[in-house]
Amino acid sequence: IAKEQSDVKGARIYVTNYERLHLFDKSEFAGIILDESSVIKNYTGKTTRALNEFGASLRWKLPATATPAPNDHMELGQHAQFLGVMDSSEMLARWFIADQTEMGRYRLKRHGIKPFWSWVASWARCIGKPSDMGYSDDGFQLPELEIHQHIVETDITQNAEGLLFRI
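Note that the coordinates shown come from a computational prediction; the quantities given were computed from them, not determined experimentally.

Novice: What should I look at first to understand the overall build of the protein chain in this one?
Specialist: Looking only at helices and strands, the protein chain features four helices and four strands. Counting from the amino terminus, the protein chain carries its helices and strands in the arrangement β-α-β-α-α-β-β-α. Here the C-alpha radius of gyration of the protein chain, 22 Å, is well above what a compact globule of 167 residues would show, namely 15 Å. Here the C-alpha coordinates of the protein chain stretch approximately 65 × 50 × 40 Å along the principal axes.

Novice: Whenever I open this one, a nonpolar patch on the surface confuses me. Can you help?
Specialist: Together, Ile127, Met133 and Tyr135 make up a nonpolar patch on the protein surface, roughly 370 Å² of accessible area in all. Examined against the element boundaries, Tyr135 turns out to sit in the segment after α4 (113-123). On the basis of relative accessibility, which here comes to 58%, the residue Tyr135 falls in the exposed class.

Novice: Whenever I open this one, the packing of aromatic side chains confuses me. Can you help?
Specialist: Here the distance between the centres and the angle between the planes together describe a pair of aromatic rings. According to the stated counting rule, one finds eight aromatic pairs in the structure shown. When the centroid spacing of 4.8 Å and the interplanar angle of 35 degrees are considered together, the rings of Trp95 and Trp119 count as tilted. You can see Trp95 sitting in helix α3 (residues 88-95) and its partner Trp119 sitting in helix α4, a full 24 residues away along the chain. Of the two residues, Trp95 and Trp119, both sit in the buried class. Taking the centre distance of 5.1 Å and the plane angle of 85 degrees together, the rings of Phe96 and Phe116 count as edge-to-face. In this pair, Phe96 sits in strand β3 (residues 96-98) while Phe116 sits in helix α4, placing the two residues 20 residues apart along the sequence.

Novice: Sorry if this is basic, but what is going on with the pairing of strand β2 (residues 60-64) here?
Specialist: Taken residue by residue, a regular strand's side chains alternate between the two faces of the sheet. The two faces of β2 differ: Lys61 and Pro63 on one face are buried, but Trp60, Leu62 and Ala64 on the other face are not. When strand β1 (residues 31-35) meets β2, the two strands line up parallel, connected through five bridges. Opposite Gly31, over in β2, you have Trp60 as the bridge partner. Between β1 and its parallel partner β2, the chain crosses via helix α1 (residues 46-55), and the hand of that crossover is right-handed.

Novice: Explain α3 here, please?
Specialist: Think of an α-helix as turning once every 3.6 residues; residues three or four places apart then point the same way. Those residues of α3 that fall on the buried side of the exposure criterion are Ser88, Met91, Leu92 and Trp95. Seen from one end, α3 has its buried residues packed into an arc of 100 degrees, which puts them on one side. The exposed residues of α3 that point more than 90 degrees off its buried face are Ser89 and Ala93. If you follow the buried residues of α3, they end up packed against α2 (73-83), β3, β4 (106-108) and α4.

Novice: Hey, could you run me through the packing of α1 against α2 in this one?
Specialist: Each packed pair of helices is defined by two parameters, the angle between the axes and the distance between the axes. Running from N to C, α1 and α2 cross one another at 30 degrees; their axes reach a closest spacing of 8 Å. The angle between α1 and α2 places the two elements in the roughly parallel class. Listed contacts from α2 to Thr48, Leu51 and Asn52 of α1 are Gln78, Gln81 and Phe82. Looking at side-chain class alone, the contact of α1 with α2 contains two nonpolar, four polar and no charged residues.

Criteria and thresholds
- Position numbers for residues start from 1 in each chain and track the written sequence from start to end.
- Whole-chain, interface and lining totals are the exception, using all residues; otherwise, since this is a predicted model, local features are given only for residues with pLDDT of at least 70 and side-chain atom pairs are given and counted only at 80 or more.
- Side-chain measures here rest on the full set of heavy atoms in the structure, leaving out hydrogens and waters.
- Only DSSP runs of H or I covering at least 4 residues are called helices, and only runs of E covering at least 2 are called strands; the numbering of each starts at the N terminus.
- Computation of the radius of gyration draws on C-alpha atoms alone. For the globule rule, the value is 2.2 Å times the number of residues to the power 0.38.
- Only residues whose relative accessible area exceeds 30% and that form no salt bridge enter a patch; like-charged residues are grouped when within 9 Å of one another, and nonpolar side chains (Val, Leu, Ile, Met, Phe, Trp, Tyr) when within 5 Å.
- Using a 1.4 Å probe, the Shrake-Rupley method yields the accessible areas, and only the shown protein chains count as cover for residues.
- For this document, the term salt bridge refers to a Lys or Arg side-chain nitrogen within 4 Å of an Asp or Glu carboxyl oxygen.
- For the exposure calls, accessible area comes from a 1.4 Å probe over protein chains only, and a residue counts as buried if that area is under 20% of its type's maximum, exposed if over 50%, partly exposed in between.
- Two rings from Phe, Tyr or Trp (for Trp, the six-membered ring) form a pair when their centres are within 6.5 Å of each other. A pair whose planes differ by under 30 degrees is stacked, one over 60 is edge-to-face, and the rest are tilted.
- Pairs of strands are assigned from DSSP output, requiring at least two bridges between the strands.
- Every crossover in which the path from the first strand over the helix to the second runs clockwise, viewed with the strands pointing away from the viewer, is termed right-handed.
- The arc in question is the one traced by the directions running from the helix axis out to the C-beta atoms.
- Residue contacts are counted whenever heavy atoms from the two residues lie within 4.5 Å of one another.
- Axes, fitted as lines to C-alpha atoms, cover a helix only where it is in contact. Angles between the N-to-C directions of the axes lie from 0 to 180 degrees.
- Working rule for angles: under 35 degrees goes down as roughly parallel, over 145 as roughly antiparallel, 65 to 115 as roughly perpendicular, anything else as oblique.
- Three categories are distinguished: nonpolar for Ala, Val, Leu, Ile, Met, Phe, Trp, Tyr, Cys and Pro, charged for Asp, Glu, Lys and Arg, and polar for the others, with Gly belonging to the last.

That is the geometry; function is a separate question.
Structure (structure tokens):
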């Protein structure tokens, strides 16, 4: 674990927090691995900007997330930008159109669906379970989810003192 640049000694792997990134000299590193990389989803965020700037000149980059992104095109665009594949704004201009029904949302252009996903497949890899990478799924399969519903009855108007609901 490295808290700052003075903790970095020799060719090793170091773990730190995103909020401490500014305490490191990027010229001392060959690569960066982002755990929970969905943090770069917010393209105007301070952390996203810092990670993009830190990783821009690094040869090796691996953003890893367990958050499925197929329906979040902006997150895919941010990952492409972090990896140096394409700016997210260029991705939007090439394959998307502003969704007029919801402010700030984009949808794939009909003719861009296949080219977009072909492009994503050229730089991204998604796995659902260890066997997707040739490993055993033993111990990975979760048991069936059991849902237990508990209903608590209450009178929300009791002691409301003239309000619609009690506070």
